[in-house]
Amino acid sequence: MTENEGNDKKMEGSNPKKKKLNLVTLTGTAGLLGLAVSFAVFAFNSHKQKSKKKGLPGCDTVCVNLSAKEILELADEIIHKSTRVHDSVALVALDKLSYENVVLPLAELEARQLSLIQCCVFPKMLSPHDSVRKASAEAEQKIDAHILSCRKREDVYRIIKIYAAKGESIAPEAKCYLQCLVRDFEDNGLNLTAVKRQEVERLTNEIDELSLRYIQNLNEDTSCLFFTEDDLAGLPLEFLQSLEKTQNKELKLTLESCHVAAILELCKIAKTRKTVAMAYGKRCGDANIPVLQRLVQSRHRLARVLGYAHFADYALDRRMSKTSMRVIRFLEDISSSLTDLAIREFSILKDLKSKEEGEIPFGVEDLLYYIKRVEELQFDLDFGDIRQYFPVSLVLSGIFKICQDLFGIKIEEVTEVDVWYHDVRAFAVFDSGSGKLLGYFYLDMFTREGKCSHSCVVALQNNALFSNGACQIPVALLIAQFAKDGSGEAVPLGFSEVVNLFHEFGHVVQHICNRASFARFSGLRVDPDFREIPSQLLENWCYESFSLKLISGYRQDITKPLVDEVCKTLKRWRYSFSALKSLQEILYCQFDQIIYSDDNADLLQLIRSLHPKVMIGLPAVEGTNPASCFTRAVIGSEATCYSRLWSEVYAADIFASKFGDGHPNLYAGLQFRDKVLAPGGGKEPMELLTSFLGREPSTQAFIDSRTNYSL
């Protein structure tokens, strides 16, 4: 990933390409917006003037091509300005506290500085220049440390708390923002006694140390297995050739997830599958299970200091789910509803194993292999062959058309603006009825040296309204990892890549269509249980005949669309063995939820009892325990592993209720845009969904979608 400046220039070949501007400049977004805004605009524009950057029209604070020096200078100015605003709030006289001198300066500072911060931070993921990536990482550390220090300022907290206690009448969204400000400080223990605050800091440091140790143990694990080629029957030749050979011609298999997945899905030898599954499930058991036990107890203690019964309720307090009891009930309801279907699916797998391997007992390690075997026998579907139907340009044009027809928007490419790499593209999004500019997005679609390795959407600027009536429009960045061939041409997409692009573009639409007044509630800054629902919703169109024909045949002079039979097969494939797959996910979600809601959970005994209960009698692989290698429950999704399934269930309800025929329904799409996407995080997500659906969300559509397409 690292490279010197000379290599940077050689790789780039020339300066990033300038793109032609064909849009009317958005008016009304510049100007003095109070103390917080004026300095931010001045500081940023000074950088643009010095470096002659050309940004998106109407987005004075978004610049995507800063040098290493400019990034570090801007980071210092961000910190300096933020300090000045916080100092001014702290000095407001107690008899003169008002919304205008306490809350508003912090809200407008946050709105303007988010885009400035992103200008400093996102280059570490995407810049082709090593020096820029290093400066970006350094700037992020400095800014993060500053933000944390601001949220520990007792003088600012005191002013905000006293103002909040006055109970002044303010708009509902402003009241919600004020509550968030209070929580920012209280999450850092400022409402606690000095002794308890020290305990919070000690426990937080202990949790960080234990989490890091758990991950490091797995990263440093060098366990491996050795097999003959006969032991690995069924694996493709290129996979076998990639493995290291020993002197006695055995093949060395590491326990990296890519190797393990290939074995469990493709290897014909039952003994090999079991050996690999057992070794993978035992990784770091002696080291990590004690670490996780200590980590769970530390999190419980932290939650109790902060006033919660256990860590799960602390983690869920500000999410749609609210309580651990509700999550467990949700998981159990889905599990019980899918049990009969799962038993039928399992019977199919057992019968096939019996035919191919005799009376060898069926183990959980056989699931992936026999699911794939049945799918090969049941579906005439060659994913390598259908790749030809999905050139990147056609898929992208098709997605644009679907979203335009569905949400009442118009997408136009913007040219002659600065980009950080020559194949990055920029687009403007308009309301198709009024012609009003809603926002912008960048597409960085292809892999390259120095670029991050994951796909995601980054909010570069959030929607916000300012006290002088000016509006700041949202700007998003979609990062994908598509391939180019040796001649630099885009390789057609695999179907999973098509699904992923639909999903990520759902986040772009979600960000652009948000109209929250406060940047804190705009775009992707919403309840995490809600955040994935729009993307999960848009994924549904990947499997509809109307959409598949559109994205694979939008330009029929280039390629012909998929035939109806392939479209139907893809939908059936989507839901094949979906009950068993869902139960596997529910198993891990329940494990995560139980350990964080029960002080006395026995990590060793829990999986032994939970596994057969959820997995229709199938025990865990002998001697294994997910507690030793379940990273999601350690860092990133602790007590919240259920959230992906939660959003999928409610997205299924929305799709079935409002878009069931698979065609874009402009009326329903505009309702979704106005009632669900536009308010963002300023309203409770359950309130938004209930308003849109006309009732509370239900799990039934999710269950029906699985049973209707069962084998």
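Described in the following lines is the structure provided in the data block. Throughout, a residue's number is its position along its own chain's written sequence, starting from 1. Selection of residues for local features in this predicted model requires a pLDDT of at least 70, selection of side-chain atom pairs for listing and counting requires 80 or more, and totals for whole chains, interfaces and linings are taken over all residues. The basis for every side-chain value is the complete set of heavy atoms in the structure, and neither hydrogens nor water enter the calculation.

## Some thoughts on the packing of helix α4 (residues 99–121) against helix α6 (residues 130–150)
Put simply, the rule reads: Convention adopted: a line fitted to C-alpha atoms gives each axis, helices being fitted over their contacting stretch, and angles between N-to-C directions are expressed from 0 to 180 degrees. Helix and strand definitions here come from DSSP, where helices need a minimum of 4 consecutive H or I residues and strands a minimum of 2 consecutive E residues; each element is numbered from the N-terminal end. Contacts are assigned to residue pairs with any non-hydrogen atoms lying within 4.5 Å of each other. Polarity classes work like this: nonpolar for Ala, Val, Leu, Ile, Met, Phe, Trp, Tyr, Cys and Pro, charged for Asp, Glu, Lys and Arg, and polar for all others, with Gly in that last group.
Two elements in contact, α4 and α6, have axes separated by 8 Å at closest approach and are oriented at 145°. Contacts between α4 and α6 involve Ile117, Cys120 and Val121 on the former and, on the latter, Ser136, Ala139, Glu140, Ile143 and Ile147. Here the residues of the contact of α4 with α6 are counted per class, giving 6 nonpolar, 1 polar and 1 charged.

## Description of the pairing of strand β10 (residues 475–482)
Test applied: With a 1.4 Å probe rolled over the protein chains alone, any residue whose accessible area is under 20% of its type maximum counts as buried; one over 50% counts as exposed, and the rest are partly exposed. If DSSP finds at least two bridges between two strands, the strands pair.
In terms of burial, β10 is a largely internal element, 8 of the 8 residues being buried. Residues Val475, Leu477, Ile479 and Gln481 of β10 are buried on one face, and the alternating residues Ala476, Leu478, Ala480 and Phe482, pointing to the opposite face, are buried as well. Here strand β7 (residues 456–461) pairs with β10 via 5 bridges, running antiparallel. Each residue of the ladder has a partner; that of glutamine 461, found in β10, is valine 475.

## Regarding unusual backbone geometry
At cysteine 284, a residue that is not glycine, the phi angle is positive and equals roughly 55°. Along the polypeptide, cysteine 284 turns up in the loop between α12 (270–282) and α13 (285–305). Cysteine 284 gets classed as buried once you look at its relative accessible area, which sits at 15%. A positive phi is found at phenylalanine 577, a non-glycine position, where the angle reads about 55°. On the secondary structure map, phenylalanine 577 appears in the loop between α23 (564–574) and α24 (578–595).

## Some details on the sheet that holds strand β3 (residues 251–254)
One open sheet holds the 3 strands; their spatial order is β1-β3-β2, and the pairing between them is antiparallel. The open sheet terminates on both sides in strands that have one partner only, identified here as β1 (224–227) and β2 (244–245). In the sheet, β2 pairs with β3 via 2 bridges, with the strands oriented antiparallel. The partner of lysine 245 across the bridge, within β3, is leucine 251.

## Some thoughts on the nonpolar core
Threshold: Among buried residues, those of type Ala, Val, Leu, Ile, Met, Phe, Trp, Tyr and Cys that are joined through side-chain atoms within 4.5 Å constitute a nonpolar core.
Phe390, Phe441, Phe495 and Phe505 are the most contacted members of the largest nonpolar core, which has 157 residues in total. Among the elements that make up this core, the one with the highest residue count is helix α15 (residues 324–357) (10 residues). Among residues more than four places away in sequence, those in contact with phenylalanine 441 are Phe400, Ile411, Arg425, Ala426, Phe427, Val429, Ala476, Phe505 and Val508. Of all hydrophobic cores here, the second largest spans 29 residues; its members include Val85, Val89, Ala174 and Cys176.

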